[in-house]
Amino acid sequence: MTRENLLFAIIGTLLGFIIGFMFASSMSQKMATTSPATAGTQGLPADHPPVGSNTAGDPQAMRAEVTASIEKARTEPKNFEAQVKAAELYYQIQRYDQAIEFLLKANQLQPTDYRTVVILGMVNLDAGHFDIAEKWYRAAMKMKNDDVMVLSGLAAATLQKGDAKAAEDAIAKLEKVDPNSQDLPQFRDKLATLKSGK
């Protein structure tokens, strides 16, 4: 290769890098200026409902939405959905006692709603109310006795209470329903520790 050919090859390669960089830079700037509302809907059909909340990026709007939901639950105590929504919002910010308050109201309105009964077990478990969590998980099992999440929650509640017999029964039921449950080894270890008195 002659000197001139080598010089043209180097200049061509550098020119290619520069043009490629400019193209990539302009594309990334175009992507950054696309609004979040349209970015999430690209590739979706025109009649598809909006994706996500319209307040997702605005903390003030989110706070207002949360306040409005909680106020609605307080002013409409017979509105089941409002009670559940307020409970979910309180649960997300780990204010478990307030979540339980709204869930109990929802349960009074629809005592046979399985989801509410399960959530009452879950929130009480997270709040450290293990006796009450066990009660709600047992109530959920009367409605549907093969729910893996309920059986895991029951096992966790009884282990936390220190009730080896009830924990052993819950673990056995969980193993029967889902022998491959990821929680089983951990539950067995805690049960062995509980039985040994450590």
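Computed from a predicted structure; not experimentally measured.

1. Some words on the overall build of the protein chain
Move 1: On a plain count of helices and strands, the protein chain comes out with ten helices and zero strands.
Move 2: The N-to-C order of helical and strand elements in the protein chain reads α-α-α-α-α-α-α-α-α-α.
Move 3: The buried share of the protein chain, reckoned over its 198 residues, is 28%.
Move 4: The long-range fraction of contacts in the protein chain, counting pairs at least 24 apart against all pairs at least 6 apart in sequence, stands at 44%.
Move 5: Accessible area for the protein chain stands at about 13200 Å²; split by element, carbon and sulfur atoms hold 58% of it.

2. Some points on the pattern of salt bridges
Once the charged atoms of two side chains with opposite charge are near each other, the side chains can pair.
Move 1: Per the counting criterion, the structure on display carries eight salt bridges.
Move 2: Between Arg-115 and Glu-88 there is a salt bridge; the shortest N-O distance is 2.2 Å. Linking Arg-115 in helix H6 (residues 114-127) with Glu-88 in helix H4 (residues 80-92), this pair joins segments that are 27 residues apart in sequence.
Move 3: What makes Arg-115 partly exposed here is its relative accessible area of 42%.
Move 4: A residue is classified by how much of its surface remains accessible, and Glu-88, at 30% relative accessible area, is partly exposed.
Move 5: Between Lys-165 and Asp-169 there is a salt bridge whose closest N-O contact spans 3.1 Å. Of this pair, Lys-165 and Asp-169 both sit in helix H9 (residues 164-177), four residues apart, which is roughly one turn of the helix.
Move 6: The exposed category is assigned to Lys-165, whose relative accessible area is 55%.
Move 7: A residue is classified by how much of its surface remains accessible, and Asp-169, at 33% relative accessible area, is partly exposed.
Move 8: When salt bridges with common partners are traced through the structure, they connect Asp-131, Glu-134, Arg-138 and Lys-161 into a single cluster.

3. Overview of the packing of H6 against helix H8 (residues 148-161)
Move 1: One way to put it is that H6 packs onto H8 with a least axis distance of 10 Å and a crossing angle of 30°. Put simply, H6 runs roughly parallel to H8. In the packing of H6 onto H8, the handedness of the crossing is left-handed. Listed contacts from H8 to Tyr-114, Val-118 and Leu-125 of H6 are Met-149, Val-150, Gly-153, Ala-156 and Ala-157.
Move 2: Considering only residue class, the contact of H6 with H8 consists of seven nonpolar, one polar and no charged.

Cut-off values and rules
- Residues numbered from 1 in each chain as written.
- Predicted model: local features only at pLDDT ≥ 70, side-chain atom pairs only at ≥ 80, totals over all residues.
- Heavy atoms only, no water.
- Helix = DSSP H or I, 4+ residues; strand = E, 2+ residues; numbered from the N terminus.
- Buried < 20%, exposed > 50% of the residue type's maximum accessible area, 1.4 Å probe, protein only.
- Contact = heavy atoms within 4.5 Å.
- Areas by Shrake-Rupley, 256 points an atom, 1.4 Å probe, with all protein chains shown as cover.
- Salt bridge = Lys/Arg side-chain N within 4 Å of Asp/Glu carboxyl O.
- Axes fitted to C-alpha atoms, helices over the stretch in contact; angles between N-to-C directions.
- Parallel < 35°, antiparallel > 145°, perpendicular 65-115°, else oblique.
- Left-handed = near helix turned anticlockwise from the far one by under 90°.
- Nonpolar A, V, L, I, M, F, W, Y, C, P; charged D, E, K, R; others polar.

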